[in-house]
Amino acid sequence: MTGKIFSSWDETHSELWSHQPIRLQHQMHRLPAFSMDDLAQLIESYPREHYSLVKTGAKGSSRVWREGDIGNLSGRQVIEAISQGGLWLNMRNVGAVDSRYRKLIDRMFEEIAAKVPDFVVPNHQAGILISSPDAQVYYHADLPGQGLIQIAGRKRVYVYPNTAPFIRPQHLEDIALFDVEVDLPYAPWYDGHAQVFDLEPGQMLNWPLNAPHRVDNLGTVNISMTVGYENEEIRRTRIVNLANGLLRNRFGYTPKSRALKGPAFWGKAVMQKALRNTSWVKRERQARNVIEFRLDHDHPEQVIDLPKAA
């Protein structure tokens, strides 16, 4: 890519970045790295620990959230299976697998840093989402700063306030501890307080830190990139969320502080570093992230349920 990534950035975007949801125009969807051939090859070589395949319920049906495996399907077969409905594939940390995407997001953040006062180019990770025409992502929140880059297809994004009752500190603590974003409580009346955006190819959406959101695809296979980023404040907030989650869920203590500096913060930083990889944490996360199915090689539109662990 030889030109600029953003094609229509103005001073209002600079003022609103990270404070309000904003929709931007970009050129990334034109790159060969997002062709179906390149994406199929990427799927076939993708490390198992870096992807999630999720089956969700149809819009208006009861909530379904099951994680699966692509099995021995080719990349093209996986995309075909996704096109049949009810699935989305998230290839996490794609920049560590293919440097083209890392360099692209590096350039994107360099452009943002040149336009947003005091914005420091952060640590970041990106993922590629390929999702079914009827797929949805339930109400959830993320711990890092977030951007959603639309490459192909159309989707509708609902962005909610990042304040109570839509999200509370305990919700963020649970996300940090259990590594599951979609267990947030949700009520239909929340939609009356959401900002709603329809995204087309060549558009990107950014929203305030920890703002809950949900997504409905609009009848077409979607290809998107998700970008999560951290500066020093966000990094410290993540540390506090994990430490407070451990205090609340492991030791039965209700945290009273969310300070990002001082003795309380540094004590929590040491504690979470010592405990974040313990067997208790691993067991709790594993219990919430069970692989339940794999795709059927002979019938890509179907899934095969895997035996439940004893």
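See the structure printed just above.
So, here's what we can say about the structure. All chains use their own residue numbering, which begins from 1 and follows the written sequence. Side-chain atom pairs in this predicted model are given and counted only at pLDDT of 80 or more, local residue features only at pLDDT of at least 70, and totals for whole chains, interfaces and linings cover all residues. Only hydrogens and water are removed before side-chain values are computed, so all heavy atoms of the structure are retained for them.

Where helices and strands are cited, they refer to DSSP runs of H or I of at least four residues and of E of at least two residues respectively, numbered from the N terminus. Secondary structure summary: the protein contains nine helices and 14 strands in total. Here the C-alpha atoms of the protein give a radius of gyration of 20 Å, agreeing with the 19 Å that 2.2 N^0.38 yields for 310 residues. Across its three principal directions, the C-alpha atoms of the protein cover 55 × 55 × 40 Å. Here the term buried applies to any residue with accessible area under 20% of the maximum for its type, exposed to any over 50%, and partly exposed to those in between, with areas from a 1.4 Å probe on protein chains only. Taken over 310 residues, the protein has a buried fraction of 48%. Note on areas: Shrake-Rupley, 1.4 Å probe, and residue coverage restricted to the protein chains presented here. On the protein, roughly 15000 Å² of surface is accessible, and the fraction owed to carbon and sulfur atoms is 50%. Within this scheme the basic residues Lys and Arg register as positive and the acidic residues Asp and Glu register as negative, but His and the chain ends are omitted. The atoms used to mark charge sites are NZ of Lys, CZ of Arg, CG of Asp and CD of Glu. Each charge class in the protein can be summarised by its mean position, and for the 37 positive and 35 negative side chains these summaries are 6 Å apart. Radius of gyration here is computed from C-alpha atoms only, and the compact-globule reference equals 2.2 Å multiplied by the residue count raised to the power 0.38.

Moving on: the environment of Gln 20. Examined against the element boundaries, Gln 20 turns out to sit in the loop between α1 (11-16) and β1 (22-25). Judged by its relative accessible area of 37%, Gln 20 falls in the partly exposed class. Note: C-alpha distance between Gln 20 and Pro 208 (188 residues apart in sequence) is 5.8 Å. In what follows, a contact means two residues having at least one pair of non-hydrogen atoms within 4.5 Å. For Gln 20, the contacting residues outside a window of four places in its chain are Gln 195, Asn 206, Trp 207 and Pro 208.

The next subject is the sheet that holds strand β3 (residues 65-69). Two modes of strand pairing occur in sheets, parallel and antiparallel, and in both the strands are linked by backbone hydrogen bonds. One requirement defines pairing of two strands: DSSP has to find at least two bridges between them. With respect to topology, 10 strands assemble into an open sheet ordered β1-β10-β7-β12-β5-β4-β2-β3-β13-β14, the strand pairing being mixed. Only two strands of the sheet have a single partner each, and these edge strands are β1 and β14 (303-305). The sheet shows a mean angle of 30 degrees between the axes of neighbouring strands, taken without regard to direction. To obtain each axis, a line is fitted to C-alpha atoms, and for helices this fit is confined to the stretch in contact; angles are then taken between N-to-C directions over 0 to 180 degrees.

Right, let's get into the sheet that holds strand β11 (residues 213-217). Pairing is antiparallel across the open sheet formed by four strands, whose spatial order is β6-β11-β8-β9. Bordering the open sheet on either side are β6 (136-140) and β9 (195-199), each of which pairs with just one other strand. Taking each pair of neighbouring strands and ignoring which way they run, the sheet shows an average axis angle of 15 degrees. Where strand β8 (residues 155-159) meets β9, five bridges bridge the pair, whose relative direction is antiparallel. Paired with Arg 156 across the bridge in β9 is Asp 198.

Okay, helix α8 (residues 263-275) next. Multiplying 1.5 Å by the helix residue count minus one yields the expected span of that helix. Over its 13 residues, α8 extends 18 Å from the first C-alpha to the last, a length consistent with the 18 Å expected when each residue adds 1.5 Å. Buried within α8 we find Phe 265, Lys 268, Ala 269, Met 271 and Gln 272. Packed against the buried residues of α8 are α7 (232-249).

By convention in these notes, a salt bridge is any Lys or Arg side-chain nitrogen within 4 Å of a carboxyl oxygen on Asp or Glu. In total, this model carries 15 salt bridges according to the counting rule given. With its nearest N and O atoms 2.9 Å apart, the salt bridge here joins Asp 98 to Arg 100. The partner of Glu 232 in a salt bridge is Arg 236, and the shortest N-O contact between them spans 2.9 Å. Highlighted residues: Glu 232 and Arg 236, both in helix α7, separated by four residues, approximately one helical turn. Given a relative accessible area of 40%, Glu 232 falls into the partly exposed group.

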